[in-house]
Amino acid sequence: MSEIDYHHWASLDRWTKKEAVLLIDGQDPADPKHKAFAVGRPPVAPGYENAAKLYVLLSRTDWAGRYGYHAHQISEHPQFIIKTAFDAGYAIPPDLLDEIKGRQERDAASRAERLEDAATTEVNTKERQNM
């Protein structure tokens, strides 16, 4: 069995439900053996029972009620998917959780940098206007 590249998966802005349920279930969505796994369609193949339950959870999540965003805005976003599964009591692979936390930290630092750049630009613009 190959090692799952959680850094790669956590770096993506969107996951399909199939990718999400496989990752949370500790399976590599890139592994060709999962091509035949059809989420949301019975019968559930042996070994995919937990992934099928996760699929139902994600399909029936009230994204707007839970997070204040419409499903089309966040239902494929890795951080919201992980939080939803975690809050429902699903065990998240520790390496995946670490990578998601790392991404959150990188995203926060990037946002702070953009805000700082915007503030500097605004100050420079005002200075030029006053000259």
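Below, the structure is looked at part by part. Here the structure is a predicted model, which is why all the values come from computation and not from measurement. One numbering rule holds for all chains: residues counted from 1, following each sequence as written. Thresholds applied to this predicted model are a pLDDT of at least 70 for local features of residues and 80 or more for the giving and counting of side-chain atom pairs; totals over whole chains, interfaces and linings are not thresholded and use all residues. Think of the side-chain values as coming from all heavy atoms in the structure, minus any hydrogens and water.

## So, a negative patch on the surface
Step number 1: A surface patch of negative charge is lined by Glu-3, Asp-5, Asp-95 and Asp-98.
Step number 2: By definition, any uninterrupted DSSP run of H or I lasting at least four residues is a helix, any uninterrupted run of E lasting at least two residues is a strand, and each is numbered from the N terminus. As for its position among the elements, Glu-3 is in the segment before helix H1 (6-11).
Step number 3: A residue is classified by how much of its surface remains accessible, and Glu-3, at 66% relative accessible area, is exposed. Within the patch definition used here, like charges are joined within 9 Å and nonpolar side chains (Val, Leu, Ile, Met, Phe, Trp, Tyr) within 5 Å, considering only residues with over 30% relative accessible area and no salt bridge. Surface accessibility follows the Shrake-Rupley procedure with a 1.4 Å probe radius. Residue values consider only the protein chains on display as shielding. Salt bridges are defined as contacts in which a side-chain nitrogen from Lys or Arg sits within 4 Å of a carboxyl oxygen from Asp or Glu. Charge counting follows a simple rule: Lys and Arg are positive, Asp and Glu are negative, and His as well as the terminal groups are ignored. Every charge is mapped onto a representative atom, which is NZ of Lys, CZ of Arg, CG of Asp or CD of Glu. When accessible area is computed with a 1.4 Å probe and restricted to protein chains, residues below 20% of their type maximum are described as buried, those above 50% as exposed, and intermediate ones as partly exposed.

## So, the pattern of salt bridges
Step number 1: For the coordinates displayed, the defined rule picks out four salt bridges.
Step number 2: Here Asp-13 ties to Arg-103 by a salt bridge, and the two come within 2.5 Å at their closest N and O atoms. Separated by 90 residues along the polypeptide, Asp-13 in the loop between H1 and helix H2 (17-24) and Arg-103 in helix H7 (residues 94-130) bring together distant segments of the chain.
Step number 3: For Asp-13, a relative accessible area of 52% corresponds to the exposed category.
Step number 4: Asp-107 is paired through a salt bridge with Arg-103; the nearest N and O atoms lie 3.1 Å apart. Note that Asp-107 and Arg-103 are positioned in helix H7 at a spacing of four residues, about one turn of the helix.
Step number 5: A relative accessible area of 24% places Asp-107 in the partly exposed class.
Step number 6: By relative accessible area, Arg-103 is classed as buried at 6%.

## Some points on the nonpolar core
Step number 1: In plain words, nonpolar cores are sets of buried Ala, Val, Leu, Ile, Met, Phe, Trp, Tyr and Cys residues tied together by side-chain atoms within 4.5 Å. The biggest cluster of nonpolar side chains holds 25 residues, and the ones touching the most others in it are Trp-15, Leu-23, Ile-24, Ile-81, Ile-82 and Leu-96.
Step number 2: Of all the secondary-structure elements, those providing two or more residues to this core are H1, H2, helix H3 (49-59), helix H4 (63-67), helix H6 (78-87) and H7.
Step number 3: Looking at this core element by element, the count peaks at five residues for H2.
Step number 4: Contacts are assigned to residue pairs with any non-hydrogen atoms lying within 4.5 Å of each other. Residues within four places of Ile-82 in sequence aside, it is in contact with Trp-15, Ile-24, Ile-92, Leu-96, Leu-97 and Ile-100.

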